[in-house]
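Chains, contacts and geometry: an overview
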Amino acid sequence: MSLVPIKDMLEKARAEKYAVPAFDVCNLEFIRAVVEVAEEKLSPVILMVLPHEFDTNLPYLVSMARTAAEQISVPIALHLDHSPSFELCKAAIDAGFSSVMIDGSTLPYEENVKLTRKVVEYAKPKGVSVEAELGHVGKAEANAGEGEDEGYFTDPEDVPRFIEETGVDALAVAIGTAHGIYTREPKLDIQRLAAINRVSSVPLVLHGGSGTPDDQVKEAIANGISKLNIFSELCVALVDGLKDFMANNQQRAPLPSHVFEKSITLMKDVVRCKIDLCGSAGKGHRA
Ligand SMILES: [Zn+2]
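Here the structure is a predicted model, which means the values were calculated and not measured.

Reference values for angles at a metal are 109.5 degrees in the four-donor tetrahedral case and 90 or 180 degrees in the six-donor octahedral case. Those protein atoms acting as donors to the zinc ion are His82 (NE2), His179 (NE2) and His207 (ND1), and they sit at 2.0 to 2.1 Å. As a motif over one chain, the donors of the zinc ion read H-x96-H-x27-H. Taken together, the positions of His179 in the loop between strand S6 (170-173) and helix H7 (190-199) and His207 in the loop between strand S7 (204-206) and helix H8 (214-222) put the pair 28 residues apart, joining distant regions of the chain. A relative accessible area of 23% means that His179 is categorised as partly exposed.

In an α-helix, one turn spans 3.6 residues, which is why side chains three or four residues apart end up on the same side. Those residues of H8 that sit buried are Gln216, Val217, Ala220 and Ile221. For H8, the angular spread of the buried residues around the axis is 140 degrees, confining them to a single face. In this fold, the buried residues of H8 make contact with H7, S7, strand S8 (225-230) and helix H11 (261-278). Gly224 sits one or two residues past H8 and shows a positive phi near 120 degrees.

Let us look at the layout of surface pockets. Of the pockets and cavities examined, the largest pocket occupies roughly 430 Å³. If you trace the largest pocket, you find 26 residues lining it, with His82, Lys139, His179, Gly180 and Phe231 closest to the centre. Secondary structure elements with two or more residues in the lining of the largest pocket: strand S3 (76-83), S8 and helix H9 (232-248).

What follows is about the nonpolar core. Counting residues in hydrophobic clusters, the biggest one holds 76 residues, and the most contacted among them are Leu47, Ile76 and Phe97. Apart from the residues lying within four places of it in its own chain, the contact partners of Leu47 are Phe23, Val25, Ile31, Val34, Val35, Ala65, Ile76, Ala77, Leu78 and His79. Counting residues in each nonpolar core, the second largest holds 15 residues, with Leu10, Ile46, Ala77 and Ala170 among its members.

The subject of this paragraph is H7. Within H7 the residues assigned to the buried category are Ile190, Arg192, Leu193, Ala194, Ala195 and Ile196. Where H7 is buried, its residues contact helix H6 (159-166), S6, S7, H8 and S8.

Opposite charge on two side chains allows them to pair when their charged atoms are near. Throughout the structure, instances matching the rule amount to 15 salt bridges. Where Arg32 meets Glu36, a salt bridge forms, and the shortest distance between an N and an O atom there is 2.9 Å. Residue Arg32 and its partner Glu36 are located together in helix H2 (residues 28-41), separated by 4 residues, close to a single helical turn. The class for Arg32 is partly exposed, based on a relative accessible area of 35%. As a salt-bridge pair, Lys41 and Asp276 come within 2.8 Å of each other at their nearest N and O atoms. Taken as a pair, Lys41 in helix H2 and Asp276 in helix H11 lie far apart in primary sequence, 235 residues in all. In this structure Asp276 comes out as partly exposed when scored by relative accessible area, which is 46%. Among the charged side chains, a salt-bridge network with shared partners connects Lys12, Glu16 and Lys283.

Now for the sheet that holds strand S2 (residues 45-49). Reading around the circumference, S1-S2-S3-S4-S5-S6-S7-S8 is the order of the 8 strands in this closed barrel, with parallel pairing throughout. For this sheet, the mean angle separating the axes of adjacent strands, direction not counted, is 25 degrees. Where H7 meets the sheet, it contacts S6, S7 and S8, and its direction lies at approximately 150 degrees from that of S7.

On to the side chain of Ser200, then. In this structure, Ser200 sits in the loop between H7 and S7. Judged by relative accessible area, Ser200 falls into the buried class, the value being 8%. Every residue in contact with Ser200, bar those within four places of it in the chain, is listed here: Arg14, Val159 and Ile163.

Quick notes on the rules
Residues numbered from 1 in each chain as written. Predicted model: local features only at pLDDT ≥ 70, side-chain atom pairs only at ≥ 80, totals over all residues. Heavy atoms only, no water. Donors = N, O, S within 2.8 Å, 3.2 Å for Na, K, Ca; no water. Helix = DSSP H or I, 4+ residues; strand = E, 2+ residues; numbered from the N terminus. Buried < 20%, exposed > 50% of the residue type's maximum accessible area, 1.4 Å probe, protein only. Arc of directions from axis to C-beta. Contact = heavy atoms within 4.5 Å. 1 Å grid on protein atoms, 1.4 Å probe; cavity = no way out; pocket = protein on both sides within 12 Å on 5 of 7 lines; lining within 4 Å. Points joined across faces, edges and corners; volume = space filled by probe spheres on them. Core = buried A, V, L, I, M, F, W, Y, C linked by side-chain atoms within 4.5 Å. Salt bridge = Lys/Arg side-chain N within 4 Å of Asp/Glu carboxyl O. Pairing = 2+ DSSP bridges. Axes fitted to C-alpha atoms, helices over the stretch in contact; angles between N-to-C directions.

And the structure:
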């Protein structure tokens, strides 16, 4: 199966009230952990790539994602995460990505609309889905509590106009999560999310999924979240696995496949938990 756009994947999830888990991937070990568990649990899954990978890893990541999609039975999307520019979105689309996120969330509203619409106009004729962000999801570490600042939260009143003016397929919302490792427990504004969901004609996306308590994620999915983004928890699993290996092996030249074994096991545990949390297991059946 070729890589699929997120539009259909997320619309099905929205209709059936589950979320599709989306993981930022950096190398073969990340991709293996995600797709092998996706196949095991028959879950659709989204492989995301962050902009910093573009200068080095991009062609390899695209090839690995394509190979994964051909080898397993569940739908897989390859998605550009947090692109700051039209040019990067275009490069991803031209390289074979099936969806992109254009992040104009720090721009004034009109500029966010303009930038997002430009990406949509390039992507849509090619069958590529576009996610945009309205409001702004901050960083947990850089400024503790930034995610709690309601000044950045998505205003439900802006949502219908933004979707109509841009033509996006999915919308990332700011409702109290943050990127990175939380320094204190987030408190999601579920009422706001429900209000956004009532007026949104497209599926909604929750960024900063790592470390958000399960009960709050479940409530968010029940109130309209159709895509859950995860990165930091995979990074923690990778590093914990490497530390475990280093503590238990003294060889100077171990087989590299052994070095990553524990990391892959721990990353797979994260992926399994997130698929269960999202309720996406068994939803990746081919029609
Ligand atoms: Zn994000």
